[in-house]
Amino acid sequence: MMPDAAHPLSTPYPDREQPAVYPTPFVARAADGTASLILLVNGIHCGGCVQRIERTLAQTPGVVSARVNMTTKRLAIRWQEQAIDADTIVSALAKLGYPAVPFNVEPALRIDSGERALMRALAVAGFAAANVMLLSVAVWSGAFGNMGPATRNLLQWISALIVLPAAAYAVRPFLNSALAGLKRGEMSMDLPISLAVLLTLGMSLFEAIRGGPHVYFDAAASLLFFLLVGRVLDRQARSRAAAAAENLLVLRGSTATVIDADGQLRPVRVESLETGMTILVTAGGRIPADGIVTMGQSDIDTSLVTGETVPQAVRPGAKVFAGTLNRTGPLTVRIIAAGEGTLLSEIVRLMEAAGQSRARMVRLADRAARIYAPVVHLAAFSTFILWWAVLGTAWQQSLLIAVSVLIITCPCALGLAVPVVQVVASGRLMRRGILLKASDGLERLAIIDTVVFDKTGTLSLGRLQLANSPAVGRGDLALAASMAVASRHPLCQSLVAAMPGTFTLPDVREYPGEGLSAPSAEGELRLGSRAWCGLDDGERQSDDAAGPEIWLARPGRAPVQFLFSDELRPDAKETIDAFKKRGLAVELLSGDRAAVVSATARAVGIDIWRSTCRPADKTARLGELAAQGHKVLMVGDGLNDAPALAAAYVSISPASAADISQASADLVFQGERLGAVVEAWRVAKTARALMMQNFAFTALYNALAVPFAVAGLVTPLLAAIAMSTSSLVVIGNAMRLARGIGWRSP
Amino acid sequence: MTGLLFLIPAALFLGLLGLAAFLWALKSDQFEDLDGAANRILFDDDEPAASHIRSSTKPR
């Protein structure tokens with residue numbers, strides 16, 4: 001692979017700071033004095049990165065081994081404990097330009113894809129199929145020439161010796177899933193597949209014993225091989241998505257700093273925090289648990305939790321919530337709820353309740369199987385009755401014909417119809433920076449009729465920009481910006497961004513939660529809230545103000561107001577227009593204030609909007625829409641959207657979203673462009689069309705082939721050719737999506 | 001026809017050899033990092049900086 005900086009999964013958090021995580025709590029110690037750790041290094045893009053990291057670490061004294069897995073971006077490292085420690089290694093990596101965080105996903109949370117078991121089954125099936133095909137070609141050509149029945153029977157027995165054990169091994173993935181389905185009282189696609197394989201093997205064995213011509217060992221082996229190829233492709237796409245999802249999970253602040261009773265600071269894992277502990281949250285750090293501020297003043301960015309863009313000032317006694325970001329000053333927080341008791345886990349519970357309704361949806365392939373399986377089994381049964389009872393053929397011969405009906409109806413093409421399209425489509429989306437997380441997300445996305453957007457972080461970037469710069473004098477702006485340089489407050493940072501190349505005023509002091517002050521010749525300069533600048537405190541920021549504001553006060557002059565608005569994503573309006581033009585209803589649900597929401601709705605052209613929605617209000621609205629029979633796509637990013645994302649028919653969230661929202665969304669897109677949502681929808685529609693074509697083709701094929709089978713005209717050669725051809729046609733049709741045929745540009 | 005008596009076992013043996021090689025490769029983590037493996041052939045260290053590095057610690 002070329003060093004492609006644009007690899008879609010390389011930066012799951014393009015516009016978010018990495019939390020400071022102390023690696024020590026995650027180190028595993030071995031008996032021989034070595035310690036090991038797995039680190040997630042998101043900056044790995046190419047082979048050069050791999051080489052630099054491995055070479056540097058190998059030359060570091062004390063390091064025993066270091067190996068990078070480039071696919072998952074994880075680094076496994078082992079070192080001598082007395083020679084070096086984990087912090088040194090991590091800081092050495094950071095100095096090299098590769099910030100790393102410990103990979104600490106609990107084994108229980110990790111997704112075992114079972115990929116290896118499938119690969120082994122695929123290898124065994126492939127071996128059997130290839131070798132038996134050698135023998136079968138001999139049998140087929142011998143049938144036209146001079147092969148004696150004894151030789152033919154010998155070749156058949158050798159085939160049996162190869163295929164029977166191989167198939168017994170390779171059929172297990174299908175058989176297990178079919179049995180599990182039956183236990184739940186469902187007929188999945190795996191049932192006809194397993195039945196076809198078992199019956200083919202049984203009949204072939206019977207024929208081999210009898211010395212008859214109807215031996216289909218080759219068909220059974222290649223059927224398994226083709227199907228396993230589909231399964232492995234599907235599973236690989238999914239485990240790649242799972243690895244990316246795990247990496248996202250790791251990036252949340254996974255350590256916290258506890259202040260012990262004796263004043264000692266100690267890093268601990270977030271999971272081991274308890275109620276009553278006192279923790280230190282540095283400026284720029286994420287708050288790990290719900291608590292009460294005991295010391296310090298700061299501004300808290302709650303945008304991920306409430307959708308509110310303006311930071312909230314906190315002082316001792318204020319309540320802070322897990323998942324929010326501490327912006328300006330260090331805080332000491334006493335924990336009042338950790339783990340299960342937090343606002344976060346309440347949102348999780350709301351989400352689980354919402355997600356349960358979705359579990360009842362039936363996948364396309366299973367819907368097809370529900371029609372297909374009974375029809376085929378009935379057809380085979382009536383064939384048997386027809387030949388045996390009506391036409392009076394011997395029961396062995398009748399059974400043989402009935403089984404050949406089952407085999408030729410080709411569950412193979414049907415079994416491939418959906419997974420192949422799925423794999424091609426998710427590969428296409430992956431290249432565009434869109435991650436397909438739910439395997440049936442595409443099927444659902446294709447048939448939506450309503451799109452519901454969140455505001456902050458979804459339609460907008462959650463970044464504030466100066467809105468009234470023409471009204472503000474350039475001199476005032478320059479002065480304000482030169483003070484704002486000193487602060488990490490988001491409003492100050494936007495002020496600096498509006499006035500690039502500003503100078504820095506000396507001696508600026510920051511009062512977290514209030515504002516900035518600086519001395520000057522005329523007296524004290526102040527930049528900050530209304531109250532900080534000495535304006536009428538009784539007249540608090542009224543509810544109809546269109547956005548956040550900041551004031552600049554100078555002695556002897558009128559204070560200057562700076563207004564800010566949330567920057568919209570560059571193509572927000574085009575995206576909404578694209579959906580509206582295609583006849584979809586578009587709505588806006590936001591937790592923000594009415595004035596802000598209506599301004600945004602007007603700007604992007606959404607007619608239906610609701611403001612000050614709590615998480616439960618959002619799910620309630622989605623429930624209303626669903627009750628009216630609408631299929632809703634929810635696009636959102638905040639923690640407050642997580643339940644709605646789980647409740648919607650299908651959901652998409654940006655990669656800058658809260659972890660929990662990404663976890664509940666079906667698709668995740670990277671980058672600033674909202675157009676990815678339209679792109680995903682278009683791919684989904686095309687994919688669904690291709691799936692339908694594949695089903696139609698399979699039905700057509702069956703309509704042509706079944707009469708031959710019922711009439712007892714199917715020879716082993718005919719069966720093999722017909723089945724392979726149908727599988728290849730289905731795969732070829734799916735590949736059209738990769739090459740862009742049948743693809744209408746916007 | 002007597003040719004079959006050794007040709008078939010020979011074909012099967014070669015096939016099994018391939019199967020065993022694949023299963024061994026799968027077991028020794030050679031399919032865990034296909035992107036990395038593709039890049040590693042381009043590393044031209046004179047002496048492998050870390051020849052002792054094997055799959056003793058493998059990224060999960």
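The shown structure was predicted, so the numbers you read here are calculated from the model rather than taken from an experiment. (Residues numbered from 1 in each chain as written. Chains lettered and ligands numbered in written order. Predicted model: local features only at pLDDT ≥ 70, side-chain atom pairs only at ≥ 80, totals over all residues. Heavy atoms only, no water.)

To continue, consider the overall build of chain A. Each helix and strand in chain A was counted, giving 23 helices and 27 strands. Burial status across chain A gives 53% buried among its 746 residues. When contacts within chain A are restricted to residue pairs at least 6 apart in sequence, long-range pairs at least 24 apart make up 69% of them. (Helix = DSSP H or I, 4+ residues; strand = E, 2+ residues; numbered from the N terminus. Buried < 20%, exposed > 50% of the residue type's maximum accessible area, 1.4 Å probe, protein only. Contact = heavy atoms within 4.5 Å.)

For the rest of this paragraph, the subject is the overall build of chain B. Of the regular secondary structure elements, chain B holds two helices and zero strands. The 60 residues of chain B split such that 25% are buried. Counting only carbon and sulfur atoms, one obtains 67% of the accessible surface of chain B, whose full area is about 4300 Å². (Areas by Shrake-Rupley, 256 points an atom, 1.4 Å probe, with all protein chains shown as cover.)

This part covers the environment of Val-171 of chain A. Residue and element names in this part refer to chain A. When you line up the elements, Val-171 lands in the loop between α4 (149-170) and α5 (172-183). Through-space distance from the C-alpha of Val-171 to that of Leu-224 is 6.9 Å; in sequence the pair is 53 residues apart. Dropping the residues within four chain positions of it, Val-171 is found in contact with Val-197 and Leu-224.

Residue and element names in this part refer to chain A. Judged by side-chain polarity, Phe-381, Ile-385, Trp-388, Trp-395 and Leu-399 come together as a nonpolar surface patch covering roughly 530 Å² of accessible area. Elements represented by at least two residues in the nonpolar patch include exactly α10 (364-390) and α11 (395-408). Structurally, the position occupied by Trp-388 is in helix α10. A residue is classified by how much of its surface remains accessible, and Trp-388, at 43% relative accessible area, is partly exposed. (Patch = residues over 30% accessible without salt bridge, like charges linked within 9 Å, V, L, I, M, F, W, Y side chains within 5 Å. Salt bridge = Lys/Arg side-chain N within 4 Å of Asp/Glu carboxyl O.)

Centre-to-centre distance and the angle between the planes together describe a pair of aromatic rings. Residue and element names in this part refer to chain A. Applying the stated criterion across every chain, the model contains four aromatic pairs over all chains. Ring plane angle 55 degrees and centroid distance 5.4 Å describe the contact between Phe-579 and Trp-681, whose orientation is recorded as tilted. Within this pair, whereas Phe-579 is found in helix α17 (residues 572-581), its partner Trp-681 is found in helix α22 (residues 675-710), the two being separated by 102 residues in sequence. Using a relative accessible area of 0% as the deciding quantity, one classes Phe-579 as buried. Linked through ring pairs, Phe-453, Phe-579 and Trp-681 together constitute an aromatic cluster. (Phe/Tyr/Trp six-rings, centres within 6.5 Å; stacked < 30°, edge-to-face > 60°.)

Residues and elements named next belong to chain A. Taking burial as the measure, the five residues of strand β6 (residues 255-259) include four buried ones, the bulk of the element. Pairing geometry for β6 and strand β7 (residues 265-269), over five bridges, is antiparallel. Directly across from Ala-256, in β7, lies its bridge partner Val-268. The hairpin turn running from β6 into β7, its antiparallel successor, is five residues long, and Gly-263 in that turn takes a positive phi close to 85 degrees. Pairing analysis gives three bridges linking β6 to strand β8 (residues 278-281), with the strands arranged antiparallel. By the bridge assignment for β8, Val-258 is matched with Ile-279. (Pairing = 2+ DSSP bridges.)

So, about the nonpolar core. Residues and elements named next belong to chain A. Among the nonpolar cores identified, the biggest contains 116 residues, and Leu-445, Phe-453, Leu-459, Phe-579, Ile-606, Leu-633 and Leu-667 are the most heavily contacted of them. For this core, the element with the most residues is α22, which contributes 14 residues. When near neighbours in sequence (up to four residues on either side) are disregarded, Leu-667 contacts Leu-429, Ile-434, Leu-435, Leu-436, Lys-437, Leu-445, Val-650, Ser-651, Ile-652, Ser-653 and Ala-680. In terms of nonpolar packing, the next biggest core, distinct from the first, is built from 26 residues, Phe-26, Val-27, Ile-89 and Tyr-98 among them. (Core = buried A, V, L, I, M, F, W, Y, C linked by side-chain atoms within 4.5 Å.)

Residue and element names in this part refer to chain A. The buried count for strand β2 (residues 34-41) comes to eight of eight residues, which makes it a mostly enclosed element. Side chains Thr-34, Ser-36, Ile-38 and Leu-40 project from β2 onto one buried face, and the interleaved Ala-35, Leu-37, Leu-39 and Val-41 project onto a second face that is buried too. Relative to β2, strand β1 (residues 28-29) runs antiparallel, the two sharing two bridges. Along β2, the bridge assignment pairs Ala-28 with Ser-36. Counted between consecutive antiparallel strands, the loop separating β1 from β2 contains four residues, among which Gly-33 sits at a positive phi close to 85 degrees. Strand direction decides the pairing type here: β2 and strand β4 (residues 74-80), joined by seven bridges, are antiparallel. Among the inter-strand pairings, Ala-35 is bridged to a residue of β4, identified as Trp-79.

So, on to helix α2 (residues 86-95) of chain A. All names here are of chain A. Residues of α2 that are buried: Ala-86, Ile-89, Val-90 and Leu-93. Buried residues in α2, looked at end-on, bunch into an arc of 95 degrees, giving them a common side. For α2, the elements touching its buried residues are β2, α1 (47-59), β3 (63-69), β4 and β5 (100-102). (Arc of directions from axis to C-beta.)

Another point: the sheet that holds strand β9 (residues 290-295) of chain A. Spatially, six strands are ordered β7-β6-β8-β14-β9-β12 (chain A) in an open sheet, and the strand pairing comes out antiparallel. On the outer flanks of this sheet lie β7 and β12 (319-320) of chain A, each paired with one strand and no other.

So, on to unusual backbone geometry. At Thr-612 of chain A, a residue that is not glycine, the phi angle is positive and equals roughly 40 degrees. Tracing the chain through its elements places Thr-612 of chain A in the loop between β24 (608-610) and α19 (615-627).

To continue, consider the environment of Pro-411 of chain A. Residue and element names in this part refer to chain A. Looking at the element boundaries, Pro-411 is found in helix α12 (residues 411-431). You can call Pro-411 buried: its relative accessible area is 1%. When the C-alpha positions of Pro-411 and Ser-727 are compared, they lie 9.5 Å apart, and in sequence the two are 316 residues distant.

Here we take up the pattern of salt bridges. All names here are of chain A. Under the defined criterion, the tally for this structure stands at 14 salt bridges over all chains. Between Arg-526 and Glu-524 there is a salt bridge, with the nearest N and O atoms lying 3.2 Å from each other. Shared partners join several salt bridges into a network, and the residues in it are Glu-587, Arg-610, Arg-621 and Glu-624.

Attention now goes to the confidence of the model for chain A. Residues and elements named next belong to chain A. In this model, chain A carries an average pLDDT of 79, and 85% of its residues clear a pLDDT of 70 or more. Confidence drops under a pLDDT of 50 for residues 1-19, and excluding neighbours within four residues, the segment shows 49 contacts in the predicted structure. Ignoring residues within four places in sequence, the model shows residues 741-746, a span with pLDDT below 50, making 10 contacts including any to other chains. (pLDDT = per-residue confidence, 0-100.)

As a further point, take the confidence of the model for chain B. Residues and elements named next belong to chain B. Looking at chain B, the pLDDT average stands at 75 and 72% of residues meet or exceed 70. The model gives residues 49-58 a pLDDT under 50, and that stretch makes 17 contacts with residues more than four places away or in other chains. On the interface metric, ipTM, the complex scores 0.77, and its pTM is 0.68.

To continue, consider the packing of α5 of chain A against helix α6 (residues 190-210) of chain A. Residue and element names in this part refer to chain A. The N-to-C vectors of α5 and α6 enclose an angle of 130 degrees; their axes lie 8 Å apart at closest approach. Judged on the interaxial angle alone, α6 and α5 are oblique. In this structure, α5 crosses over α6, and the sense of that crossing is left-handed. Residues Phe-174, Leu-175, Ser-177, Ala-178 and Leu-182 of α5 form the contact with α6, whose participating residues are Asp-190, Leu-191, Ile-193, Ser-194 and Leu-198. Looking at side-chain class alone, the contact of α5 with α6 contains seven nonpolar, two polar and one charged residues. (Axes fitted to C-alpha atoms, helices over the stretch in contact; angles between N-to-C directions. Parallel < 35°, antiparallel > 145°, perpendicular 65-115°, else oblique. Left-handed = near helix turned anticlockwise from the far one by under 90°. Nonpolar A, V, L, I, M, F, W, Y, C, P; charged D, E, K, R; others polar.)

The next subject is the environment of Ala-166 of chain A. Residue and element names in this part refer to chain A. With respect to the helices and strands, Ala-166 occurs in helix α4. When its relative accessible area of 8% is taken as the criterion, Ala-166 is described as buried. Sequence-wise, Ala-166 and Ala-221 are 55 residues apart; in three dimensions their C-alpha atoms are separated by 8.1 Å. If near-sequence neighbours (up to four positions away) are discounted, Ala-166 is found in contact with Val-124 and Ala-128.

Right, let's get into the sheet that holds strand β10 (residues 298-301) of chain A. The strands making up a sheet associate through backbone hydrogen bonding, with each pair oriented either parallel or antiparallel. Residues and elements named next belong to chain A. Spatial strand order, β11-β10-β13: three strands in an open sheet with antiparallel pairing. On the outer flanks of this sheet lie β11 (312-314) and β13 (325-326), each paired with one strand and no other. Here β10 runs beside β11; their pairing, made up of three bridges, is antiparallel. The residue of β11 that forms the bridge with Asp-299 is Ala-313.

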